[in-house]
Amino acid sequence: MHAESPRVTKRVDVTARDRTSVAALAGAWALGALALNLAWELAQLPLYTLDHDADRGYVLRSLLHCTAGDVLIALGSYLVAALGVRDARWPLTKPLGGICLATAAGLAYTAASEAVNVYVLGSWAYREAMPRLLGIGVSPLAQWLLLPGVALLLVRRGFARTDARIPNGHASPRATRR
């Protein structure tokens, strides 16, 4: 008989707080994306031919549709970042790696979507006032270069108020100062 070597397994306990935190983080990310992208879509409306449409109901539906699409892109980019850094709590634990991946994912999807929707499907069109980079509108590209970082700051700020711990497990300076 030979002695069986013990199996080494790494067990990770996921508490209800951790699951809630992931859901809360993703929810906060989505809410931030909703507010930021709605404002951005409204601001860039004059750069698209849509703003001159006589049917204001159609313009409003289009604005809401695009904003909802932006929220889905944001959630998809959150997931890409979570998979890439192997941590669904990346806004708190691995913000730099996560935001780089989230921004790259949102930017890549947006560039492809703009190309297809403007030049293949004709779903929307740019006005002359829209600056372009390689045929793609600069405004939607800037949107996905800037807004994920702003969303990350908002999420981190919101969770810093409710969580007295920072990613490495030490008490945050904010929690220890009185």
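See the structure printed just above.
Residues numbered from 1 in each chain as written. Predicted model: local features only at pLDDT ≥ 70, side-chain atom pairs only at ≥ 80, totals over all residues. Heavy atoms only, no water.

Undergrad: How do you make sense of the overall build of the chain when you look at a structure like this?
TA: Within the chain, the secondary structure is distributed over six helices and two strands. Secondary structure elements of the chain occur, N-terminal to C-terminal, as α-α-α-α-β-β-α-α. When burial is assessed residue by residue, the chain has 34% of its 178 residues classed as buried. On the chain, roughly 11,400 Å² of surface is accessible, and the fraction owed to carbon and sulfur atoms is 65%. (Helix = DSSP H or I, 4+ residues; strand = E, 2+ residues; numbered from the N terminus. Buried < 20%, exposed > 50% of the residue type's maximum accessible area, 1.4 Å probe, protein only. Areas by Shrake-Rupley, 256 points an atom, 1.4 Å probe, with all protein chains shown as cover.)

Undergrad: Sorry if this is basic, but what is going on with the packing of aromatic side chains here?
TA: The description of an aromatic ring pair rests on the distance of the ring centres and on the angle between the ring planes. In this structure the tally under the stated criterion is four aromatic pairs. Taking the centre distance of 5.3 Å and the plane angle of 45 degrees together, the rings of tyrosine 78 and tryptophan 90 count as tilted. With tyrosine 78 in helix α2 (residues 56-85) and tryptophan 90 in helix α3 (residues 90-93), this residue pair connects regions lying twelve residues apart in the sequence. An identical accessibility class is assigned to tyrosine 78 and tryptophan 90; each is buried. (Phe/Tyr/Trp six-rings, centres within 6.5 Å; stacked < 30°, edge-to-face > 60°.)

Undergrad: Any chance you could explain a nonpolar patch on the surface here in plain terms?
TA: A grouping of Val116, Tyr119, Val120 and Leu121 is seen on the molecular surface, where their side chains present a nonpolar patch of about 420 Å² in accessible area. Judged by its relative accessible area of 63%, valine 120 falls in the exposed class. (Patch = residues over 30% accessible without salt bridge, like charges linked within 9 Å, V, L, I, M, F, W, Y side chains within 5 Å. Salt bridge = Lys/Arg side-chain N within 4 Å of Asp/Glu carboxyl O.)

Undergrad: What am I meant to see in the side chain of threonine 110 here?
TA: Considering the arrangement of structural elements, one finds threonine 110 in helix α4 (residues 95-120). We classify threonine 110 as buried; its relative accessible area is 5%. Side chain to side chain, threonine 110 and tryptophan 144 meet in a polar contact 3.2 Å long. Once residues lying within four places of it in the same chain are set aside, the contact partners of threonine 110 are Ile73, Pro140 and Trp144. (Polar contact = N/O pair within 3.5 Å; in protein donor to acceptor, adjacent residues only side chain to side chain. Contact = heavy atoms within 4.5 Å.)

Undergrad: Explanation requested: α2 in the structure shown.
TA: The end-to-end C-alpha distance of α2 is 43 Å, a good match for the 44 Å that 30 residues give at a rise of 1.5 Å each. Two or three places before glycine 57, at the start of α2, stands the capping residue aspartate 55, its side-chain oxygen 3.1 Å from that residue's backbone nitrogen. A positive backbone phi angle near 60 degrees is found at arginine 86, which sits one or two residues after α2. (Expected span 1.5 Å × (residues − 1).)

Undergrad: Mind showing me how you'd approach unusual backbone geometry here?
TA: Even without being glycine, arginine 86 reaches a positive phi, approximately 60 degrees. Along the chain, arginine 86 turns up in the loop between α2 and α3. Here arginine 86 falls in the exposed class, since its relative accessible area comes to 77%.

Undergrad: Help me understand the environment of threonine 67, please; the structure alone is not making it clear to me.
TA: Topologically, threonine 67 is positioned in helix α2. Accessibility expressed as a relative area gives 3% for threonine 67, which makes it buried. Remark: the alpha-carbon pair of threonine 67 and alanine 33, spanning 34 residues in sequence, is separated by 8.7 Å.

Undergrad: Just checking my understanding: could you explain α4 for this structure?
TA: An α-helical segment advances 3.6 residues per turn. Residues three or four places apart therefore align on the same side. Here α4 spans 36 Å end to end across 26 residues, near enough to the 38 Å set by a 1.5 Å rise per residue. Taken as a whole, α4 has its buried residues at Gly98, Ile99, Ala102, Thr103, Gly106, Thr110, Ser113, Glu114, Asn117 and Val118. Following α4 by one or two positions, glycine 122 has its phi on the positive side, about 65 degrees.

What is shown is where atoms sit, not what they do.
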